[in-house]
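Breakdown of the fold
Listed here are the chains, written in short residue letters.
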Amino acid sequence: MSAIRERAVSTRAYRLCMTGSMSSLVTGAALLACDPAPTVTPDAGPPVDAPLEVDSGPDAPPPYAPDLECPGAPGCLGTGDGVLYAGVAAVDITPTITICTTAGPGCTETLDVDTNSDGEFDEADGDTFHDWNGNGRFDGVWMAGFGNGRGATGVRDPQWVRAVALRWNDVTIVMAAIDVIGWFSSEMDIVRERALADGGGAEIDFILLASTHVHQARDVIGIYGVTEDETGLDPAYSERVRAAATTAVLEAVADLRPANLERWSVRLRDVPNGGVRRYISDVRHPVVFDDEVNLLRFVEAGTATATDPGTTIATLVNLGAHPECLNDENTLLSSDYVHHLRVALEDGVMGPTGALEPGLGGTAVFFQGALGGQIGPGDVEARAWDGTPIP
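To start, this report covers the structure provided alongside it.

As a further point, take the overall build of the protein chain. Each helix and strand in the protein chain was counted, giving 5 helices and 16 strands. Sorting the 391 residues of the protein chain into buried and exposed places 39% on the buried side. For the protein chain, the proportion of contacts with a sequence separation of at least 24, taken over those separated by at least 6, is 71%. As displayed, the protein chain offers around 21600 Å² of accessible surface, 57% of which is attributable to carbon and sulfur atoms.

To continue, consider the side chain of Arg297. When you line up the elements, Arg297 lands in strand 10 (residues 292-300). At 3.0 Å, the side chain of Arg297 forms a polar contact with the backbone oxygen of Pro309. Sequence-distant contacts of Arg297, that is, excluding residues within four places in its chain, are made with Asn260, Leu261, Glu262, Trp264, Pro309, Gly310, Thr311, Thr312, Ala314, Thr315 and Leu360.

Any covalent bond linking the sulfur atoms of two cysteines counts as a disulfide. Applying the stated criterion to the full structure yields 1 disulfide. Disulfide pairing places Cys100 opposite Cys107 at an S-S distance of 2.1 Å. With the S-S dihedral at roughly -100°, the linkage between Cys100 and Cys107 falls on the left-handed side. Residue classification places Cys100 among the buried residues on the basis of a relative accessible area of 18%.

Conventions used here
Residues numbered from 1 in each chain as written. Predicted model: local features only at pLDDT ≥ 70, side-chain atom pairs only at ≥ 80, totals over all residues. Heavy atoms only, no water. Helix = DSSP H or I, 4+ residues; strand = E, 2+ residues; numbered from the N terminus. Buried < 20%, exposed > 50% of the residue type's maximum accessible area, 1.4 Å probe, protein only. Contact = heavy atoms within 4.5 Å. Areas by Shrake-Rupley, 256 points an atom, 1.4 Å probe, with all protein chains shown as cover. Polar contact = N/O pair within 3.5 Å; in protein donor to acceptor, adjacent residues only side chain to side chain. Disulfide = S-S within 2.5 Å.

Given below as structure tokens:
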């Protein structure tokens, strides 16, 4: 206790002792406080911080220039055949969940008793778990995005690394999206280094890596373990994601082929029978969000005709909304609405008449937009095609 706080407590105790109208509880507390106080040594206070290191400022004065400018820089002069090339790849990163009734190799530890059915392990609630490895610790497959102690009990749909490679003349870029809550730049750098060191990635000029920010996938940033004080990371799974991302980048480059490009966009506010609130919302004021959905469709060159839309290589889709439609009680691994959006683009969706509206084929790759806090399904009013509310 600091000297200042000690004086404040002593003064308060004196005032209580001099007040005869206090209740018995307060009087008792005052009498205890009036006992001779032990000698208190004032604490030394907070440690003195080390002197701050002054930032030396930018490497060069403005105007600033990018590290690589394409076309124009050595290695990406913009010379070549003038043809756009596109390639795509998808690598599965879905964790394996093995549910057991008796202990055995590879058994996934899961909740046994979930007292309040919230999907999260809390010993204080009386929750118990299957300690299949017998070490007394809950070694679950921890799911990221909500609270701690949410161990996976199964798989609802797959999680992926999906990548698109683009080449024009001597410039090659790759963009990859990963179905995880987030990913540190240090992890991205490892993937870039591995891909560029591979013979198949030697000509890549730029690699963009992003997370889809799904709230139902395995923890890869470490803050969603069984408690706030314990990591949710599994080193083996983290390495699996790195390896999958590297593979997806290289496979997308290997898949490059001549392509044509189509661009589509729609504003959800323009959709009849409910508009934007059928799809996304913002639960925090002021309500500000981007309701534009953007799509880039890369079509294999020479395959489209007046009656045939051609062969889709990949479709990039961009929308800003938290993938958390499966709430915080869900314990099935999933890529949330991102999964359904990709499947609909690829395979089609049931239309207003009940007939299948055909998909675009190819591989859909979702890139998250400006989702802020808290843009997503919080206040969504789901409706059927005809505008009828869905309970």
